[in-house]
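# Examining the three-dimensional arrangement
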Amino acid sequence: VKLAAQFFSNTVANAISYCEKKNVLLNSHWDEASTCFKLINNWFDLLNTQVPVDKHAEGYGKDLDVQNKILNDMDELISKMRVHKHRTLLPFQKGILRTNQSLINLLNDLRTNHKDIQYIITRRLNQDVLENFFSFVKGMSRGNYHLTPLEFKYNLRWYLLGKNTNIVFTENRNTQDSSEECLVDNCLTNEIFKKADLNIEVVQENKEHNDFEDLKIPSDYIELLENFEIETNMDALNLNMIEVDCLQYVA
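Residues numbered from 1 in each chain as written. Predicted model: local features only at pLDDT ≥ 70, side-chain atom pairs only at ≥ 80, totals over all residues. Heavy atoms only, no water.

The name an unreviewed UniProt entry assigns to the protein chain is Transposable element P transposase, from the organism Schizaphis graminum.

Okay, the overall build of the protein chain next. For the protein chain, the helix and strand inventory stands at 10 helices and 0 strands. Taken from the N to the C terminus, the helices and strands of the protein chain come in the order α-α-α-α-α-α-α-α-α-α. The proportion of buried residues among the 251 residues of the protein chain is 24%. Taking contacts inside the protein chain between residues at least 6 apart in sequence as the whole, the part at least 24 apart equals 55%. Surface accessibility of the protein chain: about 19400 Å² in total, with carbon and sulfur atoms responsible for 53%. (Helix = DSSP H or I, 4+ residues; strand = E, 2+ residues; numbered from the N terminus. Buried < 20%, exposed > 50% of the residue type's maximum accessible area, 1.4 Å probe, protein only. Contact = heavy atoms within 4.5 Å. Areas by Shrake-Rupley, 256 points an atom, 1.4 Å probe, with all protein chains shown as cover.)

Another point: the side chain of Thr 49. Mapping Thr 49 onto the fold places it in the loop between helix H3 (30-46) and helix H4 (64-80). Within the structure, the side chain of Thr 49 is placed 2.7 Å from the side chain of Thr 122, a separation counted as a polar contact. The residues touching Thr 49, leaving out its near neighbours within four places in the chain, are Ala 57, Glu 58, Gly 59, Tyr 60, Ile 120, Ile 121, Thr 122 and Arg 123. (Polar contact = N/O pair within 3.5 Å; in protein donor to acceptor, adjacent residues only side chain to side chain.)

One way to put it is that helix H6 (residues 128-139) packs onto helix H7 (residues 149-161) with a least axis distance of 9 Å and a crossing angle of 105 degrees. As far as their axial angle goes, H7 and H6 are roughly perpendicular. Mapping the contact onto sequence places Phe 133, Phe 134, Phe 136 and Val 137 in H6 and Phe 152, Asn 155, Leu 156 and Tyr 159 in H7. A per-class count over the contact of H6 with H7 returns 7 nonpolar, 1 polar and no charged. (Axes fitted to C-alpha atoms, helices over the stretch in contact; angles between N-to-C directions. Parallel < 35°, antiparallel > 145°, perpendicular 65-115°, else oblique. Nonpolar A, V, L, I, M, F, W, Y, C, P; charged D, E, K, R; others polar.)

Its boundaries defined by the atoms lining it, the second largest pocket holds a volume of some 260 Å³. Around the second largest pocket, the lining residues are Phe 8, Glu 32, Ala 33, Thr 35, Cys 36, Lys 38, Leu 39, Ile 40, Asn 42, Ile 70, Asp 73 and Leu 77. Among the elements of the structure, H3 and H4 are those that each provide at least two residues to the lining of the second largest pocket. The leading source of residues in the lining of the second largest pocket is H3, at 8 residues. Of the residues that constitute the lining of the second largest pocket, the class distribution is 7 nonpolar, 2 polar and 3 charged. (1 Å grid on protein atoms, 1.4 Å probe; cavity = no way out; pocket = protein on both sides within 12 Å on 5 of 7 lines; lining within 4 Å. Points joined across faces, edges and corners; volume = space filled by probe spheres on them.)

It is worth spelling out the nonpolar core at this point. Core analysis: the biggest nonpolar cluster contains 14 residues, and Trp 43, Tyr 60, Leu 71 and Met 74 have the highest contact counts within it. Elements represented by at least two residues in this core include exactly H3, H4 and helix H5 (91-113). Every residue in contact with Leu 71, bar those within four places of it in the chain, is listed here: Trp 43, Leu 46, Tyr 60, Asn 100, Leu 103 and Ile 104. (Core = buried A, V, L, I, M, F, W, Y, C linked by side-chain atoms within 4.5 Å.)

Summed over the entire model, instances satisfying the criterion amount to 5 aromatic pairs. Between the aromatic rings of Phe 7 and Phe 8, the centroid separation amounts to 5.0 Å while the plane-to-plane angle is 80 degrees, which identifies the pairing as edge-to-face. When its relative accessible area of 24% is taken as the criterion, Phe 8 is described as partly exposed. What links up through ring pairs into an aromatic cluster is the set Phe 7, Phe 8 and Phe 37. The ring of Tyr 154 has Lys 153 sitting right over it, with the charged end atom 5.7 Å from the ring centre. (Phe/Tyr/Trp six-rings, centres within 6.5 Å; stacked < 30°, edge-to-face > 60°. Lys NZ or Arg CZ within 6 Å of the ring centre and 35° of its normal.)

As a further point, take H4. With 17 residues, H4 extends 24 Å from end C-alpha to end C-alpha; this agrees with the ideal 24 Å at 1.5 Å per step. For H4, the full list of buried residues reads Gln 67, Ile 70, Leu 71, Met 74, Asp 75 and Ile 78. Projected onto a plane normal to the axis of H4, the buried residues spread over an arc of 135 degrees and lie on a single side. Pointing more than 90 degrees away from the buried face of H4 are the exposed residues Asp 65, Lys 69 and Lys 80. Those residues of H4 that are buried lie in contact with H3 and H5. (Expected span 1.5 Å × (residues − 1). Arc of directions from axis to C-beta.)

Taking the relative accessible area as the measure of exposure, Thr 49 reaches 2% and is therefore buried. With 76 residues separating them in the primary sequence, Thr 49 and Leu 125 have C-alpha atoms 10.0 Å apart.

Below, the discussion takes up the packing of H4 against H5. Here H4 crosses H5 at 155 degrees, and the two axes come no closer than 9 Å. Judged by the angle between their axes, H4 and H5 are roughly antiparallel. Relative to H5, H4 is oriented so that their crossing is left-handed. Residues Leu 64, Asn 68, Leu 71, Met 74, Asp 75, Ile 78 and Ser 79 of H4 lie in contact with H5, whose contacting residues are Gln 93, Ile 96, Leu 97, Asn 100, Leu 103, Ile 104, Leu 107 and Arg 111. Within the contact of H4 with H5, the residues separate by chemical class into 9 nonpolar, 4 polar and 2 charged. (Left-handed = near helix turned anticlockwise from the far one by under 90°.)

Below, the structure written as structure tokens:
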């Protein structure tokens with residue numbers, strides 16, 4: 001998600017427009033691409049608000065006309081989008097459409113039952129904690145996707161008893177190890193594991209080779225990137241012509 005948010009950003013959208021003005025892009029659909037990137041960036045910001053008023057996006061409900069337009073434009077984009085060789089919507093597309101509609105319905109429902117509700121901090125509307133917990137508990141069982149109630153009961157008991165529960169992980173699980181702390185820091189099972197003579201083999205992974213070490217970027221691309229950064233920063237600073245000339249001279 002982090003890489004996707006960095007890719008579909010205003011910076012990339014502005015870079016596309018900048019490259020077109022410099023006659024670097026040969027594709028004629030650069031304007032649509034830039035608009036699409038900006039829309040996804042605004043949608044990301046809207047669904048990730050952390051405070052009522054922020055420089056990127058306000059809490060949902062502070063500016064409903066603009067915010068609902070972002071949701072509606074995103075719905076239209078996703079509804080018309082078709083992934084290669086697929087004639088119907090994929091699960092991630094259905095999830096986006098359902099998320100947008102659920103956010104609108106949630107605010108309406110809250111305002112109906114609680115008149116003093118003005119906005120929603122959307123960052124709090126996620127289930128990451130629950131998903132991480134369930135992934136950890138499921139990893140303690142055999143490698144299947146559907147835990148039985150009895151398996152969940154005993155795995156939850158192990159999870160509550162000690163933070164070293166990764167010792168009881170099965171080798172054929174379909175989840176990755178978790179580095180999260182347990183709900184109980186000091187417990188009986190934890191002390192038992194510490195005192196027990198367990199032969200736990202620790203394998204140190206070799207450092208991955210960096211494939212970009214030998215990558216050579218043409219000098220004209222580097223110069224284009226530097227000019228883009230200079231012009232972008234100058235636009236943000238609102239400098240006059242004399243200050244712009246001085247900054248370019250120093251750069």
